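Analysis of the macromolecular model
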Amino acid sequence: MDRNMSRVLMLALVTGLALGCGAQTAEQPAEEPVVEAVEVVEDVVEFVEVVAEGSAFDPPVAVAQIPEGVFYCPMETVHFASLEGGTCPTCGMDLVEKAITVEEEAAASEDPPA
Ligand SMILES: [Zn+2]
């Protein structure tokens, strides 16, 4: 009697363990929510280097890529920029100075005081 009891107990225990294991495996979500980190990098502008004597760009660059305070040829895209005003050696247009944008000033004022 005792023998049988312990046998049944063992069987129940093993079965329970096996079931528990199986249940645990089944509980694991087959498909985890995939959070796609979509980083939109649109504020990062790679500035071009403008030398004092003037830099020609081929292919032309966007005005946004011209550092502030630099004179550039006011075409749709910039194919020439210089640290000094004058005319574009490529097309003869008067160079315009790129003003410091409001955005830049706002970013600067955001800096915590040291
Ligand atoms: Zn030009």
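Details of the structure are given in the entry above.
Below: a short report on this structure.

Counting its secondary structure elements, the protein chain contains 2 helices and 4 strands. Put simply, the protein chain runs from its N terminus to its C terminus through helices and strands in the order α-β-β-β-β-α. Here the protein chain, with 114 residues, has 12% of them falling under the buried criterion. A fraction of 31% describes how many contacts in the protein chain between residues 6 or more apart in sequence connect residues 24 or more apart.

Extensive coverage of strand β3 (residues 78-82) is indicated by the burial of 4 of its 5 residues. Bridge analysis of strand β1 (residues 55-61) against β3 gives 3 bridges, and the strand direction is antiparallel. Its bridge partner lying in β3, Ala-56 is registered against Phe-80.

Before going further, it helps to examine the sheet that holds β3. Within the open sheet, the 4 strands sit side by side as β1-β3-β2-β4. Their pairing is antiparallel. A strand with exactly one partner marks an edge of an open sheet, and here the two such strands are β1 and β4 (96-97). Of the pairings in the sheet, the one linking strand β2 (residues 71-72) to β4 comprises 2 bridges and is antiparallel in character. Across the sheet, the residue bridging to Phe-71 is Glu-97, located in β4.

Here Pro-89 lies in the loop between β3 and β4. For Pro-89, a count of 13 C-beta atoms within 10 Å puts it in the partly exposed group. Excluding its chain neighbours within four sequence positions, the residues that come into contact with Pro-89 are Gly-54 and Phe-80.

Outside of glycine, negative phi angles account for most residues, and trans bonds account for most peptide bonds. With an omega of 5°, the peptide bond between Asp-58 and Pro-59 qualifies as cis. Within the secondary structure, Pro-59 is located in strand β1.

For the rest of this paragraph, the subject is the nonpolar core. Nonpolar side chains in soluble globular proteins tend to end up buried together. Membership of the largest hydrophobic core is limited to 12 residues, which are Val-50, Val-61, Ile-66, Val-70, Phe-71, Tyr-72, Cys-73, Val-78, Phe-80, Ala-81, Cys-88 and Leu-95. Among the secondary structure elements, those contributing two or more residues to this core are β2 and β3. In terms of residue count, β3 provides more of this core than any other element does, 3 residues in total. Not counting chain neighbours up to four residues away, the residues in contact with Ala-81 comprise Val-50, Gly-54, Ser-55, Ile-66, Val-70, Phe-71 and Tyr-72.

Attention shifts here to the environment of Val-51. Take Val-51: it is sitting in the loop between α1 (2-27) and β1. Given 9 C-beta atoms within 10 Å, Val-51 falls into the exposed group. Residues Val-51 and Glu-84, 33 residues apart in the sequence, show an inter-C-alpha distance of 9.5 Å.

Rules used in this analysis
- Residues numbered from 1 in each chain as written.
- Predicted model: local features only at pLDDT ≥ 70, side-chain atom pairs only at ≥ 80, totals over all residues.
- Helix = DSSP H or I, 4+ residues; strand = E, 2+ residues; numbered from the N terminus.
- Buried ≥ 20, exposed ≤ 12 C-beta atoms within 10 Å, placed from the backbone.
- Contact = placed C-beta atoms within 7 Å.
- Pairing = 2+ DSSP bridges.
- Core = buried A, V, L, I, M, F, W, Y, C linked by C-beta atoms within 7 Å.

All we've got here are geometric facts, nothing functional implied.
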